[in-house]
Amino acid sequence: MDTPFKAFLIDQDENRKVVSGMTTLDATNLDAGEVLIRVHYSSINYKDALAATGAGKIIRRFPCVGGIDMSGEVVESADARFRPGDKVIATSFDIGVAHHGGYAEYARVPAGWVVPLPEGLDLFESMALGTAGFTAALGVVRMEDNGLAPANGPVIVTGATGGVGGLAIDMLARLGYHVVALTGKEAESDYLKMLGAAEVKLRNSIDLDKVRPLEAGQWAGAVDNVGGQILHWVLATMKQAGTVASIGNAASFNLNTTVFPFILRGVSLLGIDSGYMGFPTRQRVWDRLATDLKPRHLAAVTRTIALDELPDAFDAYIKGAIKGRTVVRIGA
Ligand SMILES: CCC(=O)SCCNC(=O)CCNC(=O)[C@H](O)C(C)(C)COP(=O)(O)OP(=O)(O)OC[C@H]1O[C@@H](n2cnc3c(N)ncnc32)[C@H](O)[C@@H]1OP(=O)(O)O
Ligand SMILES: NC(=O)c1ccc[n+]([C@@H]2O[C@H](COP(=O)([O-])OP(=O)(O)OC[C@H]3O[C@@H](n4cnc5c(N)ncnc54)[C@H](O)[C@@H]3O)[C@@H](O)[C@H]2O)c1
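In the nomenclature of an unreviewed UniProt entry, the chain is known as Acryloyl-CoA reductase of Aromatoleum petrolei.

> Sorry, what's going on with the side chain of D48 here?
Within the element layout of this structure, D48 appears in helix α1 (residues 46-53). R325 is the oppositely charged side chain nearest to the buried, salt-bridge-free D48, at an N-O distance of 6.4 Å. From its side chain, D48 meets the backbone nitrogen of I68 in a polar contact 2.9 Å long. Reaching out from D48, the side chain makes a polar contact with the side chain of Y103 at a distance of 3.4 Å. Sequence-distant contacts of D48, that is, excluding residues within four places in its chain, are made with S43, G67, I68, Y103 and F314.

> Would you explain the sheet that holds strand β4 (residues 64-65) in this entry?
Two modes of strand pairing occur in sheets, parallel and antiparallel, and in both the strands are linked by backbone hydrogen bonds. A sheet is described by the order of its strands in space; here 3 strands give the open sequence β2-β1-β4, paired in antiparallel fashion. Since the sheet does not close on itself, it has two edges, and those belong to β2 (18-25) and β4, each with one partner. As judged from the 2 bridges shared by strand β1 (residues 5-12) and β4, these two strands associate in the antiparallel manner. By the bridge assignment, I10 is partnered in β4 with C64. Sitting on the sheet, α1 is in contact with β1 and β2, with an inclination near 95° to β2.

Calculation criteria
Residues numbered from 1 in each chain as written. Chains lettered and ligands numbered in written order. Predicted model: local features only at pLDDT ≥ 70, side-chain atom pairs only at ≥ 80, totals over all residues. Heavy atoms only, no water. Helix = DSSP H or I, 4+ residues; strand = E, 2+ residues; numbered from the N terminus. Buried < 20%, exposed > 50% of the residue type's maximum accessible area, 1.4 Å probe, protein only. Lys, Arg positive; Asp, Glu negative; His and termini not counted. Salt bridge = Lys/Arg side-chain N within 4 Å of Asp/Glu carboxyl O. Polar contact = N/O pair within 3.5 Å; in protein donor to acceptor, adjacent residues only side chain to side chain. Contact = heavy atoms within 4.5 Å. Pairing = 2+ DSSP bridges. Axes fitted to C-alpha atoms, helices over the stretch in contact; angles between N-to-C directions.

Right under this line is the structure:
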């Protein structure tokens, strides 16, 4: 690994403003870790866009190669669990936040952050899923563990056209749930139905300023990617013993609500953190992503860009103008 390699680096200027762009690194720039990976693919998540643009306080060590996801082949390993040539996935923990991430041709990471590629997924598919797919699946698994089943009633997915949202719709529909997609993008109704939504509900059909503490109960489950007033409305419209997976903050990180859904309907609000999920659960979720949760429309939700195209790719995420998933082709 003596040759210089391309990377997308996020740094701060002298005024502590976030600056980012393509650069060239070499082996001396790699972070500590037991496993050296030749990265084949990465992906773009909302968090990557917050990090690269500085729109969110994501990076905790400057400079940092962006990209919270990577898949590729092991080049060297000082850990007996991995050998050169093994196909692996590495996401979460400090990757792309406080440890050089997946937007580079090479990355060195601790072995504990690496998951063997499960049978049933290839390296491209694993990044079409990426943290978005892992988190959607984790949300489904956590809701199931809390008693959610298709017979309980409909499941609503907010931020439906995004990466987590679209993949959650696909997974839930595959499992037999009646899925309702909540979106502000009427023009994407056919797309959401193609993914498996039984119904598409438009955000402007809800008067978010006039939500009562409890509204008629409609949903047995909910995957919330947006937070704020929408999460308040979701909580107020849950059925008895309903389960909400709180995943995102695309609209707001605030939550102004009441205790009534919890104490009068027994609603559970589950916090979903993909970042620090330990190995047994991490492996279990990836195994399900490769089997019964594997989205049926993964190719249809995914576009691919080259590493050099990254600098222009993030703004659309910040503007909420993105649909589906973006895979970044690196060394494949
Ligand atoms: C894929 C996962 C996702 O997409 S999650 C969604 C994207 N993430 C975000 O939007 C969060 C962005 N972060 C922020 O806005 C800020 O860091 C927030 C959370 C508001 C805290 O900022 P601030 O009030 O300035 O305080 P701080 O940075 O000193 O942190 C306070 C204590 O909290 C901790 N903290 C911070 N970030 C994380 C994190 N990601 N996971 C776990 N802990 C975190 C800090 O270490 C700090 O704790 P301590 O005081 O050092 O003990
Ligand atoms: N908890 C976790 O571990 C975890 C993991 C992955 C993603 N997330 C979070 O989940 C959310 C979705 O992530 P993603 O990668 O799918 O993002 P994305 O950019 O692909 O999708 C975001 C979705 O939210 C919608 N949206 C944006 N602004 C909105 C607004 N103001 N009101 C309503 N909807 C709005 C967009 O139209 C889009 O449908 C993000 O907030 C992300 O930070 C959390």
